Amino acid sequence: MKLALKTVAAAAFSVVLAASAQADDWTPPGPIKLMIAFAAGGGADTQARLIAEDLEAATGWEFIPEQVTGKGGMNLAMAIKDMPNDGSVIGMVVTETLGYNMRAADAGVSPSDFTGIATTAGFQMGVVSLSSKGWNSFEDVVAAAQAGEELRFGVMSPRLADLAYLLGKAQGVDFNIVSVKGGRAVMNGVNAGDMDLGFMAGIQGKGVAAGDLVNLASALSEPLRQSPDAPTFADLGVEFNSDGAFVFVGPGGMDPEARDALAAAIGTAISTEGTKSNAMITKAFGGPFIQTGDALQQRLQAEYDEAGALLQAASE
Amino acid sequence: MEVWTYIQLGIAAVFQGPDLFAIAGFGVPVTPIMVLLGFLLGIAVGATPGLAGPMAMAISLPILISIFGFSPDALLPVMGFLIGIMKGATIGGAVPAILFNTPGTPDAYMTTLDGYPMTQAGKARKALKIAHVSSASGDTFSDIVLILCAPFLAVLVESYLDLPEKTALLILSLAFIASVIGNSVGKGLISMGLGLLAVYIGTGEDFYPRLTLGSQTLAQGFPIATAILGVLIIGEVFKSIEDLWHDHRRAQKRPSYTEVGDQHVHRADLRRIAPYIARSAVIGTAIGALPGVGSTLAATLGFTTGSRRHATKSPDATQFGHGAPEGIASTEAANSSVSGANLIPVLSLGIPGNAAAVFLILAADSIGGFNPGPSVFKFTSGSINPELVMAFGLFTIMMLANLFNWTIGGGFMRVVGYMIHIPKHILLPVVLLLTFTAIYVQEARMSAIWFAVGFGVLGYLMRRLGMSPLPFVIAFILGGKLEETARQAFAATGGDAWFLFTNPIAAVFMALAVTVIVFSTRTRKEPAQ
Amino acid sequence: MFTGSTTNRALAIFAIAAALLIAIGWVPLDTDTGIVEKVRRQVTIGDALAPTLASIFIGVGGLLLFFQGASPADGRLRLANLRYLALLIGLLLLSFAIMRWAGPAAVALFGAGESYAALRTTAPWNVIGYFLGGTILIASLIAMIEGRPSFRAFAIGVVASSLLILLYDLPFDDLLLPPNGDV
């Protein structure tokens, strides 16, 4: 599994390198403002700051990290939209920000108002419960719900709330969907017994390995690497999934030269073994996942377009 | 994982953390050094009238965060420094109160009543020593109670309280704070309502940023630092500058004192003051454990109960208010034993009770990775709970600070007497620029400075109108959590509109909340902090 | 029947009026989801509930205050207080305006075609605004308290802003002094 991922990363990266050949001589016009859409101190924030440190060491460019949190990244999106697009301002969000969230927020912007620079890592999004609950598979959850138990399902974004709702609908049960802020809050809630099960995006790794937590299902289009036997959402009859990645974006219409130079530098930093960001991403998110250029832009647009179907399905 | 393992890990986290520098091959770990520096700074700040512990904590925080970064490693050094300031300021406040009849911190007012007469009688150094012994005893006692109670309370909360009960507990805390702080329940409720309203601007679950009047600047909400520093620090500076402005013609004479005779604290002295220290330490700890009831009330209660006892037991000795060492002991033990106990609700429930606790929560919030509340004390079976290690690290820091207090605190108290000579009218403008700079450095936008000015004006008006700003600040901190927990409880119970009343524990909390408000409106209270 | 002070009564009426305005006007107009709303076949709490409750607290506080007796700690707000506040805010506005624009102005005049944004981490350009604005802030406040401008007040401003620049800007690359995060 690891090997396959590394191959993907390497393949993606060679594309980046090819693109970077002509972007070699780009230098930023001054210090680069790095907006971070995640709360200080969390895994996502740490990732962004480590990448900036590695980039500074490798390129000599100067980065100034700044927190712009809230509204699932939409605050950052609205703030970065009108900033200079010469590569002096970039931001780190998740693809969900420009997809579902932007669609649901209906704030008069779309992915074409932004420039996708590079993704860095995906999530290992699973449906997780305490192993002391005694559930070994998702069927046990359904059985418990059908036996009349009221189940609380912790989610950390509106998109995941929709997915939890559709999962229940597909399985013929009702969950009480509890929205909290961030994956750590879901984990704390599940640990404290405030919730019975919930989405966790990689934070469950240690607990699952220690046997405290159990991955009941993969919310991705593919199985989880840690629990390959857990069914995917497609297996459970849900035609949507929570596929997504951390992504660096800039204001719309960025100069391709600046965009590609930044993408190449980010790609090098996170895929070079021995850098801080590579070590962190490998440990917390299962390794780098790099997508850049037009492919990334199309992906962002596609997620935005497809979000309509999920919103529609969840409102029925 | 056993409790003992966590205690060891916590101590190790403090003493085996990253080294600051090495002497002859032995690394000097950074956290104890930070505790020491914070403690010394705290004494100096406490001894400076016009500055107070929370102000120094607020100003140091952004500097500390930029030194140590946002990593989990940053937490203990930063918290160590802040806790050091908190403890140092407590004993520092007694210095000008005793030497110059000017309390360095509000809770040291009662110390002037007996401290200054002793100075006038030539016993300044003895008075300082008595204040130190009493303060250090009260502080240490309070910390021990904290260490014994907080984990227990947190485990209790986590095992018995579900989301509806947690919501009701937050409501009870806010009702309590609004009722007991200040001298008017009405003003307390207004202050709290304003704090809630402020924190609800721009936040919320919906993608539409609520209450922002269409402004993108407000969409991120008010940064917590602008609201807290604005209302607590800038508002206070605004008010003090005006007071100075009106008083500027008043002749300033340089205060001085002389010492006569024996300044030692003898065993007999200790035997005499020990019962007063013990009694006040218990009073202060009990009051400190309740959120919102400040150290000023503790000092007042300690002083009055001590005074009553002294008048009946030793009617022939020097009475309270005329230079009785017992008076200093009663006051200082009471106000110092508030700080440790005040962290019981912080660590076990995430509910701050006074300004110092507010800044500790702000620090944890800014650094991330440590969320004060019941989840901290989760004893996991397989893996290590890093937050619990941090909690035991914090306990270690507190005991370390007490050790510094006992060993060098008294000596350092005697050298900071000169802090009174720093002219306030020069100090305050500098503090103002420092605070604005600290806010900008954290937020990196001019709008944050304007927010802070706005909150400063609010804090100024509150002080002029006799309204305590503390309910505002605590509501601002707890408001988001209250809304989230209520939402979660409502969703988790499947949309039961009466979720606060259907469950017995929650219903009891709600009944208590109403009772405390009704009861407070009917009784006049002594002015608290 | 009202024993409270005039200031208290004025504050109470103001609080009640504000609470009504917030609950009936601001909150309904400026939130997208109501007190409760139905999503995914579940009734959930909307974004309007919490601010509405906040306004109710303000209103109830106002009512309690209106019927409360006077007390020595009541405090008063006089016209002189408001005049002081206006003067203070004026000084702050002036100082922060200088802090914000002095740097970009200096770059435009002497910066050899570079933009201020590109130079915002380059000394001395990045501290011009902070130094001037900070000095004026401190000097003018001291002068206000002392009732006269003095060379000493100005010198204290210079020393204090220089020290703060040394404290924040020299050791830390990531920290931006005002106004360098805005450009």
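Please read these numbers as outputs of a predicted model, since none were measured by experiment.

## Remarks on the overall build of chain B
Next up, step 1: A tally of regular secondary structure across chain B gives 20 helices and 2 strands.
Next up, step 2: Here the C-alpha atoms of chain B give a radius of gyration of 23 Å, agreeing with the 24 Å that 2.2 N^0.38 yields for 529 residues.
Next up, step 3: Dimensions along the principal axes, computed over C-alpha positions, put chain B at roughly 75 × 55 × 50 Å.
Next up, step 4: Taken across its 529 residues, chain B has 65% of its residues classed as buried.
Next up, step 5: Counted over contacts in chain B with a minimum sequence separation of 6, partners at least 24 positions apart contribute 77%.

## Describing the overall build of chain C
Next up, step 1: A count of helices and strands for chain C gives 5 helices and 2 strands.
Next up, step 2: Ordering the α and β elements of chain C from the N terminus gives α-β-β-α-α-α-α.
Next up, step 3: Taken over the C-alpha trace, chain C has a radius of gyration of 25 Å; the compact-globule value for 183 residues is 16 Å, which it surpasses by more than 25%.
Next up, step 4: In terms of overall dimensions, chain C has a C-alpha envelope of 65 × 55 × 30 Å along the principal axes.
Next up, step 5: When burial is assessed residue by residue, chain C has 40% of its 183 residues classed as buried.
Next up, step 6: Long-range contacts, defined here as pairs at least 24 residues apart, represent 59% of the contacts in chain C between residues at least 6 apart.

## Notes on the sheet that holds strand S2 (residues 63–67) of chain A
Through backbone hydrogen bonds, the strands of a sheet pair up, either in parallel or in antiparallel fashion.
Residues and elements named next belong to chain A.
Next up, step 1: Pairing is mixed in the open sheet, where 5 strands are placed in the order S2-S1-S3-S10-S4. Looking at which strands have only one partner, the edges of the open sheet turn out to be S2 and strand S4 (114–122). Pairwise comparison of adjacent strand axes, ignoring direction, gives a mean angle of 25° for this sheet.
Next up, step 2: Bridge analysis of strand S1 (residues 32–36) against strand S3 (residues 89–94) gives 4 bridges, and the strand direction is parallel.

## Focus on the sheet that holds strand S6 (residues 151–155) of chain A
Next up, step 1: The 5 strands lie next to each other as S7-S6-S8-S5-S9 (chain A), forming an open sheet whose pairing is mixed. Two strands close off the open sheet at either side, each with one partner strand: strand S7 (175–179) and strand S9 (213–218) of chain A. For this sheet the average axis-to-axis angle between neighbouring strands, irrespective of direction, equals 35°.
Next up, step 2: Two strands pair when backbone bridges link them, and strand S5 (residues 125–130) of chain A and S9 of chain A are joined in this way by 5 bridges, in the antiparallel orientation. Across the sheet, residue valine 128 of chain A finds its bridge partner in S9 of chain A, namely asparagine 215 of chain A.
Next up, step 3: Relative to S7 of chain A, helix H6 (residues 158–171) of chain A is tilted by about 170°, and along the sheet it contacts S6, S7 and strand S8 (197–201) of chain A.
Next up, step 4: The strands touched by helix H19 (residues 470–492) of chain B within the sheet are S6 and S7 of chain A, with S7 of chain A carrying the most contacts at an inclination of about 175°.

## Let's talk about the interface of chain C and chain B
By a widely used convention, the size of an interface equals the accessible area lost when the partners come together.
Next up, step 1: With 63 residues of chain C at the contact, the number on the chain B side is 58 residues.
Next up, step 2: The set of elements that each furnish at least two residues to the side of chain C that touches chain B consists of helix H1 (6–29), strand S2 (42–45), helix H2 (49–66), helix H3 (79–110), helix H4 (125–146) and helix H5 (151–168) of chain C.
Next up, step 3: In the side of chain C that touches chain B, the residues fall into 39 nonpolar, 16 polar and 8 charged.

## Some words on the domain arrangement of chain C
Next up, step 1: Taken domain by domain, chain C consists of domain 1 (6–66) and domain 2 (79–168).
Next up, step 2: In this structure, domain 1 of chain C and domain 2 of chain C have C-alpha centres spaced 40 Å apart.

## Let's talk about the pairing of S3 of chain A
Next up, step 1: Summarising burial for S3 of chain A: 6 of the 6 residues are buried, a large majority.
Next up, step 2: Side chains of S3 of chain A alternate between two faces, with Val89, Gly91 and Val93 of chain A and Ile90, Met92 and Val94 of chain A buried alike.

## Some words on the packing of helix H3 (residues 53–68) of chain B against helix H4 (residues 75–92) of chain B
Think of two packed helices as two axes; the pair is described by the angle between the axes and how far apart they sit.
Residues and elements named next belong to chain B.
Next up, step 1: The N-to-C vectors of H3 and H4 enclose an angle of 165°; their axes lie 9 Å apart at closest approach. Considered as vectors, H3 and H4 are oriented roughly antiparallel to each other. Every pair of crossing elements has a handedness; the one defined by H3 and H4 is right-handed. Across from Gly53, Ala56, Met57, Ser60, Leu64, Ile65 and Phe68 in H3, the residues of H4 making contact are Pro77, Val78, Phe81, Leu82, Ile85, Met86 and Ala89.

## Brief notes about helix H7 (residues 124–160) of chain B
Because the α-helix completes a turn every 3.6 residues, residues three or four places apart line up on one side.
Residues and elements named next belong to chain B.
Next up, step 1: Taking 1.5 Å of rise per residue, 37 residues should cover 54 Å, and H7 covers 52 Å from first to last C-alpha, within 8% of that figure.
Next up, step 2: A maximum bend of about 30° is found in H7 at cysteine 149, where proline proline 151 lies one to four positions downstream.
Next up, step 3: Counting buried positions along H7 gives 27 out of 37 residues, so the element sits mostly inside the fold.

Here is what the cut-offs are and how they apply
Residues numbered from 1 in each chain as written. Chains lettered and ligands numbered in written order. Predicted model: local features only at pLDDT ≥ 70, side-chain atom pairs only at ≥ 80, totals over all residues. Helix = DSSP H or I, 4+ residues; strand = E, 2+ residues; numbered from the N terminus. Rg over C-alpha atoms; globule rule 2.2 N^0.38 Å. Buried ≥ 20, exposed ≤ 12 C-beta atoms within 10 Å, placed from the backbone. Contact = placed C-beta atoms within 7 Å. Pairing = 2+ DSSP bridges. Axes fitted to C-alpha atoms, helices over the stretch in contact; angles between N-to-C directions. Nonpolar A, V, L, I, M, F, W, Y, C, P; charged D, E, K, R; others polar. Domains from an automatic or database assignment. Parallel < 35°, antiparallel > 145°, perpendicular 65-115°, else oblique. Left-handed = near helix turned anticlockwise from the far one by under 90°. Expected span 1.5 Å × (residues − 1). Bend = angle between axes of the 7 residues up to and from the residue.

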